[in-house]
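# Coordinate inspection notes
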There are 6 protein chains.
Amino acid sequence: MVYIQRRETFSASHRLYNAAWSDDQNEAVFGKCSNRYGHGHNFQLIVTVKGDVNPDTGFVMNLVDLKDIMHREVIEHVDHRNLNEDVPFLKGIQPSTENLAIAFWDRLAPAIAAKGAQLHSIRIIETENNFVEYFGA
Amino acid sequence: MVYIQRRETFSASHRLYNAAWSDDQNEAVFGKCSNRYGHGHNFQLIVTVKGDVNPDTGFVMNLVDLKDIMHREVIEHVDHRNLNEDVPFLKGIQPSTENLAIAFWDRLAPAIAAKGAQLHSIRIIETENNFVEYFGA
Amino acid sequence: MVYIQRRETFSASHRLYNAAWSDDQNEAVFGKCSNRYGHGHNFQLIVTVKGDVNPDTGFVMNLVDLKDIMHREVIEHVDHRNLNEDVPFLKGIQPSTENLAIAFWDRLAPAIAAKGAQLHSIRIIETENNFVEYFGA
Amino acid sequence: MVYIQRRETFSASHRLYNAAWSDDQNEAVFGKCSNRYGHGHNFQLIVTVKGDVNPDTGFVMNLVDLKDIMHREVIEHVDHRNLNEDVPFLKGIQPSTENLAIAFWDRLAPAIAAKGAQLHSIRIIETENNFVEYFGA
Amino acid sequence: MVYIQRRETFSASHRLYNAAWSDDQNEAVFGKCSNRYGHGHNFQLIVTVKGDVNPDTGFVMNLVDLKDIMHREVIEHVDHRNLNEDVPFLKGIQPSTENLAIAFWDRLAPAIAAKGAQLHSIRIIETENNFVEYFGA
Amino acid sequence: MVYIQRRETFSASHRLYNAAWSDDQNEAVFGKCSNRYGHGHNFQLIVTVKGDVNPDTGFVMNLVDLKDIMHREVIEHVDHRNLNEDVPFLKGIQPSTENLAIAFWDRLAPAIAAKGAQLHSIRIIETENNFVEYFGA
C-alpha cells in the first residue's frame with residue numbers, strides 16, 4: 001500500500017464566535033479571531049489517499065482525478081469565500097480548522113471511494129504555525 | 001551602506017470593489033475578489049531599511065526597534081482585521097496589495113527615520129504567487 | 001511607481017551541451033548537466049511588472065491578465081516539455097537558465113506592454129540553490 | 001523509539017507511458033506526462049529511520065551514515081539522470097513517484113538495517129503539490 | 001479525534017561530544033558537530049495534540065493555550081541559549097535532536113494533559129535536511 | 001547583463017556584545033543575543049554575480065565554480081563554527097549579520113573577479129524573519 005498526497009490552496013475569510021455566548025465570552029475564548037468583520041488566511045489543503053499501485057499505470061490514483069475531486073467538492077466552494085456566510089455545507093458549523101477538516105472529509109471520502117481509492121487523511125495548514133490533521137471518525 | 005530586512009505576518013480579510021461601479025463591472029474587473037462577504041490571506045510584510053553600520057553595535061538599526069515599529073504602526077492595526085472595515089488609515093482606499101504597500105510606507109517611513117535609519121522598500125507577499133514591492137514616491 | 005510580481009511554475013527537462021564541442025569538452029564544462037538523456041527541474045518563473053496604480057482599481061495591472069499572458073506566452077510551451085526538443089522559440093538556443101530568462105523576456109515584454117504596463121524583470125528559480133534574474137537588454 | 005529523518009534532493013527527468021498501449025491511450029491516462037521527450041522535476045527524498053537512542057551518542061543513527069547510504073544507494077544513480085533510460089534498477093519499471101518510492105525502499109532498507117537501524121518510510125516530494133509516502137510491503 | 005499542530009521556533013547553539021571519550025573518538029563520531037566552541041541552528045518545534053472537538057468552540061484545544069505552554073515549558077528556556085550550558089533541564093544530557101525531543105515531551109505532556117488534551121508527538125526540525133519525531137515512551 | 005544567484009547554507013553560533021561596554025549596556029542593546037554562551041542559526045548565504053552570457057556555454061559563470069569559491073572562501077570557515085572564536089577573518093569584528101555580509105564580500109569579490117565575473121550582492125538570511133543584503137562599498 002502506498003500513500004499519495006495532493007496539495008491545493010484556497011484563500012478565505014472566517015470569524016470564530018458562538019452565537020449562544022455573550023460578546024465578552026466570545027472575546028475571552030476566541031480573542032482577535034472573533035472580530036466582527038472577520039479575518040482571513042491562505043489555507044493549504046493536503047489530501048492523502050492510500051491504495052495499491054496499479055501495475056498498468058504505476059499510480060495509486062490518477063492525480064488529475066484527485067485534483068478534479070478536490071476542486072469540485074471543496075476548492076470551488078471555499079476559495080475567495082467567507083466561510084461563515086458563503087458555503088452551504090458549512091452553514092451552522094463553527095468554521096474552525098478542525099471543523100473544516102471534518103466537513104471536507106465528508107465530501108471527499110465518497111468521491112475518492114467512487115474512483116476505487118481510499119481517503120486516508122485531510123490536512124489543513126491555516127498559517128505557517130497552525131495545522132490540523134483528521135483521519136476520519 | 002547595508003540593507004536589512006525584517007519580516008512580520010498578519011492575517012486579514014478584504015474585498016476588492018469600486019463603489020462607483022455596477023455589480024457587473026465589479027465582477028468583470030475583480031472577479032472572485034469582489035465577492036460580497038470578502039475573503040482573506042496570510043500576508044507577509046517585509047520591510048527593508050538601509051544605512052551605515054554603527055561600529056559600536058554592528059547594526060544598521062536594532063531589529064528589536066524595527067520589529068516594534070512594524071507592530072505599532074502596521075501589524076496591530078491590520079492583523080485579524082477586515083481591511084475594508086476595521087482600519088482607520090485605510091478608510092476610503094481600495095485595499096489592493098499595491099495600496100496597502102503605499103499606505104504602510106506612509107506610516108513606517110517617518111517612524112524609521114526617527115530612529116536615524118531610512119526606509120528603502122515595502123514588500124508584501126499576499127499569496128505564494130502574488131507579491132508587491134514599493135520604493136516610495 | 002509600484003512593482004507587482006506573479007509566480008508560475010513549470011516542470012521541464014533539458015540537457016546542456018555544445019554541439020560544436022567534443023564529448024570530453026562537454027563533460028568538462030557541463031558535467032552531469034550534459035548527460036545524454038537529460039534531467040529536469042521544477043522551475044519557478046517570477047515576473048515583475050512596474051507601473052502606476054490605477055485609481056479606479058488599485059492595480060498596476062490586473063493579475064488575471066498577467067497570469068494569462070504568462071501562460072499563453074511561456075508556461076503552455078514549456079510545461080512538461082523537453083526544452084531542447086519541444087519548444088520552437090528555444091530552437092538552437094542552449095537551454096541554460098540565463099538563456100531561458102532572455103527568451104521569456106522577449107515574449108513577455110511586448111504582451112505586457114500591450115496591456116499598458118512595463119516588464120521590469122524575469123526571475124527563474126531552477127533549484128532551491130540556483131536562480132537567475134534578467135532586467136532586459 | 002525515536003524517528004529521525006534526512007532529506008536529500010535530486011533533479012531528474014522521466015516520461016510516463018505504457019508501451020503496451022496506443023499513443024491515444026497513453027495520452028488519455030498520462031496526459032502531458034507522456035510527452036515523447038520527457039519532462040523533469042526537482043525531487044526531494046525524505047527517509048525516516050526509527051530506533052532507540054544510543055546513550056553514548058544521543059543518536060538513533062549517525063546522520064552522516066544515513067546521508068552516505070542515501071547517496072550511494074539512490075542519489076548517485078538518479079541525480080541529473082533520465083529515470084526511463086539511465087538507471088539500471090529502474091529498468092522496466094514505470095517511473096511514477098509511487099514506483100520510485102518502492103524501488104528506493106528495496107535498496108535503502110537492507111543498507112540501513114546493516115547499520116543496526118530500521119527504515120520506517122520513504123517520502124518523495126515530486127512538486128510542491130504532489131507527494132508520495134511508502135512504509136514497506 | 002482530530003490532531004492539531006502548533007509550530008514555534010528557537011535559535012540555539014550546542015556541541016555534541018561525549019566527555020567519557022577521547023578527543024579523537026569524539027571527532028570520529030561527531031565530526032564538525034563536536035567543535036569546541038559549538039555551532040547553532042534555527043530549530044523549529046512542532047507539537048501535535050489530539051483530542052475530540054469541543055462542540056462549543058470547534059477546538060481540540062485553544063491554540064493560545066498551546067502556544068503559552070510551549071513558550072513557558074520550552075521556548076523561554078532554550079531560545080538564544082547554549083543547550084549544553086544554559087538549560088537546567090538539559091544538564092547532563094547530550095543535546096542531540098533526539099534527546100531534545102524526549103526532554104521536551106517530558107515537560108509538555110503533563111502541561112497539555114492539565115488542559116484536558118493529549119500530546120501526540122514532538123517534531124523538531126534542526127536544519128532543512130534533518131528532522132526528528134517522537135511519540136512518547 | 002544577467003544576474004545569477006547561488007545559495008549555500010551554514011550552521012554557526014555567535015554572541016553579540018561589545019567588550020568596551022558594561023554587561024548592563026550589552027544587555028540593554030543586544031538583549032538575549034548577548035547571552036554569555038552564545039546561540040546559533042542556520043544561515044543562508046545567497047551570492048549574486050552579474051555578467052554577460054557566454055555564447056558557447058549559455059552561462060554568466062559556471063555555477064560549479066561559484067559553488068567552489070563560496071565553499072573555499074566562506075562556508076568551510078564558518079560552517080559548524082563559533083563566529084566569535086573560530087574564524088580568523090572575523091577576529092575583532094562584531095559578528096552581526098551586517099558585518100558578516102561585508103566580511104564575506106571582501107573574500108568573495110576578488111575570487112569571483114578572477115573568474116571573469118563580477119560580484120553584485122551578498123544576501124544573508126539569518127532566520128525566517130531577519131535578512132541582510134550588501135552591494136559593496
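Just so you know, these numbers come straight off a predicted model, no measurement behind them.

## Structural notes on the overall build of chain A
Within chain A one finds three helices and five strands. N-terminal to C-terminal, the α/β element order of chain A is β-α-β-α-β-α-β-β. Considered along the principal axes of its C-alpha atoms, chain A spans approximately 60 × 25 × 25 Å. Looking at chain A as a whole, 64% of its 137 residues qualify as buried. Put simply, chain A shows about 5600 Å² of open surface, and 45% of that area lies on carbon and sulfur atoms. For chain A, the centre of its 13 positive side-chain charges and the centre of its 18 negative side-chain charges are spaced 2 Å apart.

## Digging into the environment of Pro88 of chain C
Residue and element names in this part refer to chain C. Relative to the helices and strands, Pro88 resides in the loop between strand 3 (81–82) and helix 3 (97–113). The class for Pro88 is exposed, based on a relative accessible area of 66%. Along the sequence, Pro88 and Val78 sit ten residues apart, while their C-alpha atoms lie 9.9 Å from each other.

## Quick look at the relation of the copies chain B and chain A
Both copies of the chain are tied together by a single rotation about an axis and a shift running along it. Aligned on chain A, chain B shows an RMSD of 0.0 Å; the corresponding rotation is 180° and the shift along the axis is 0.0 Å. Here the symmetry operator amounts to a two-fold rotation axis. A share of 100% of the interface residues of chain B reappears at the interface of chain A, consistent with the copies meeting face to face through the same patch.

## Side note on unusual backbone geometry
With a phi angle near 60°, His80 of chain A is a residue other than glycine that sits in the positive phi range. Along the polypeptide, His80 of chain A turns up in the loop between helix 2 (63–78) and strand 3 (81–82).

## Things to note about the arrangement of the chains
Left apart from each other, chain B and chain E have a closest C-alpha approach of 14 Å. As for chain F relative to chain D, no contact occurs, and the smallest C-alpha gap between them is 14 Å.

## Concerning the interface of chain B and chain A
Tallying the contact residues gives 23 residues for chain B and 23 residues for chain A. In total, chain B and chain A occlude about 1800 Å² of area from one another, counting both sides; carbon and sulfur atoms represent 45% of this. There are four salt bridges connecting chain B and chain A. Close ionic contact of Arg7 of chain A with Glu128 of chain B constitutes a salt bridge, the shortest N to O distance being 2.7 Å.

## Here's the deal with the pairing of strand 1 (residues 2–14) of chain F
Where a strand is regular, its side chains alternate between the two sheet faces. The element strand 1 of chain F is extensively covered by neighbouring structure, given that twelve of its 13 residues are classed as buried. In this structure, strand 5 (residues 130–134) of chain C lies alongside strand 1 of chain F, joined through five bridges in antiparallel fashion. By the bridge assignment, Val132 of chain C is partnered in strand 1 of chain F with Ile4 of chain F. Where strand 1 of chain F meets strand 2 (residues 39–51) of chain F, 13 bridges bridge the pair, whose relative direction is antiparallel. Each bridged residue has a counterpart across the sheet, and for Ile4 of chain F the counterpart in strand 2 of chain F is Val49 of chain F. By the bridge criterion, two bridges tie strand 1 of chain F to strand 3 (residues 81–82) of chain F in an arrangement that is parallel. When the sheet's bridge partners are listed, Ser13 of chain F is paired in strand 3 of chain F with Asn82 of chain F.

## Considering the pattern of salt bridges
All names here are of chain B. Using the criterion set out here, one finds 48 salt bridges over all chains in the structure. The partner of Glu73 in a salt bridge is Arg72, and the shortest N-O contact between them spans 3.3 Å. Residue classification places Glu73 among the buried positions, given a relative accessible area of 15%. Judged by its relative accessible area of 44%, Arg72 is partly exposed.

## Describing the packing of helix 2 (residues 63–78) of chain B against helix 3 (residues 97–113) of chain B
All names here are of chain B. Contact geometry of helix 2 with helix 3 gives a least axis separation of 10 Å together with a crossing angle of 155°. When the axis of helix 2 is compared with that of helix 3, the two are roughly antiparallel. The handedness of the crossing between helix 2 and helix 3 is right-handed. Each of Leu66, Ile69, Met70, Arg72, Glu73, Val74, His77 and Val78 in helix 2 lies in contact with helix 3, whose residues at this interface are Phe104, Arg107, Leu108, Ala111 and Ile112. Looking at the contact of helix 2 with helix 3, its residues break down into nine nonpolar, one polar and three charged.

## Some remarks on the packing of aromatic side chains
Throughout the structure, instances matching the rule amount to 42 aromatic pairs over all chains. Taken together, a centroid distance of 4.8 Å and an interplanar angle of 10° make the contact between Phe10 of chain A and Phe43 of chain A stacked. Linking Phe10 of chain A in strand 1 (residues 2–14) with Phe43 of chain A in strand 2 (residues 39–51), this pair joins segments that are 33 residues apart in sequence. Like Phe10 of chain A, the residue Phe43 of chain A is buried in the burial classification. Ring centres of Phe30 of chain C and Phe59 of chain F lie 5.5 Å apart, and the angle between their planes is 75°; on these two criteria the pair is classed as edge-to-face. Here Phe59 of chain F lies in the loop between strand 2 and helix 2 (63–78) and Phe30 of chain C lies in helix 1 (residues 23–30), a pairing that spans two chains. Phe59 of chain F shares its class with Phe30 of chain C; the two are buried. Joined through ring pairs, the aromatic side chains of Phe10, Phe43, Phe89 and Phe104 of chain A make up one cluster.

## Quick word on the confidence of the model for chain A
Of all residues in chain A, 100% have pLDDT values of 70 or greater, and the mean over the chain is 97. Note on the complex model: pTM 0.97, ipTM 0.95.

## A look at the environment of Phe30 of chain D
Judged by relative accessible area, which is 5%, Phe30 of chain D ranks as buried. Distance in space between the C-alpha atoms of Phe30 of chain D and Ile4 of chain D is 35 Å, their sequence separation being 26 residues. Here Phe30 of chain D is in contact with Asp56, Thr57 and Phe59 of chain A together with Leu16, Tyr17, Asn18, Trp21 and Gln94 of chain D, once residues within four sequence places are set aside.

Conventions used here
- Starting from 1, residues in each chain are numbered consecutively following that chain's sequence as written.
- Here chains are named by letter from A upward and ligands by number from 1 upward, in the order in which they appear as written.
- Where local features are concerned, this predicted model is filtered to residues with pLDDT of at least 70; where side-chain atom pairs are given and counted, the filter is 80 or more; whole-chain, interface and lining totals use all residues.
- Excluding hydrogens and water, the side-chain figures rest on all heavy atoms present in the structure.
- In this description a helix means any DSSP run of H or I spanning at least four residues, a strand means any run of E spanning at least two, and both kinds are numbered starting from the N terminus.
- Note on classification: 1.4 Å probe, protein chains only; a residue is buried when its accessible area is under 20% of the maximum for its type, exposed when over 50%, partly exposed between these limits.
- Surface accessibility in these figures is a Shrake-Rupley result with a 1.4 Å probe; residues are shielded only by whichever protein chains are displayed.
- Residues scored as positive are Lys and Arg, those scored as negative are Asp and Glu, and His as well as the terminal groups of each chain are ignored.
- In this description, the location of a charge corresponds to atom NZ of lysine, CZ of arginine, CG of aspartate or CD of glutamate.
- The fit set for superposing copies consists of C-alpha atoms from residues with pLDDT of at least 70 in both; the fit itself is least squares.
- The contact criterion used throughout is that any non-hydrogen atoms of two residues lie within 4.5 Å.
- When two components associate, each loses some accessible surface as probed by a 1.4 Å sphere; the sum of these losses over both components is called the buried area.
- Any carboxyl oxygen of Asp or Glu that lies within 4 Å of a side-chain nitrogen of Lys or Arg is treated as forming a salt bridge with it.
- Strands are labelled as partners when DSSP assigns at least two bridges between them.
- Here the axes come from fitting lines to C-alpha atoms, over the contacting stretch only for helices, and the angles between their N-to-C directions go from 0 to 180 degrees.
- Orientation categories follow fixed angle ranges, with anything under 35 degrees roughly parallel, anything over 145 roughly antiparallel, 65 to 115 roughly perpendicular, and all other angles oblique.
- We call a crossing left-handed when the near helix sits turned anticlockwise from the far one by less than a right angle, and right-handed when that turn is clockwise.
- In this classification, Asp, Glu, Lys and Arg are treated as charged, Ala, Val, Leu, Ile, Met, Phe, Trp, Tyr, Cys and Pro as nonpolar, and every other residue, Gly included, as polar.
- Aromatic pairs are defined between Phe, Tyr and Trp rings, using the six-membered ring for Trp, whenever the two ring centres lie within 6.5 Å; interplanar angles under 30 degrees are classed as stacked, those over 60 as edge-to-face, and all others as tilted.
- A score between 0 and 100, pLDDT records how confident the predictor is in each residue.

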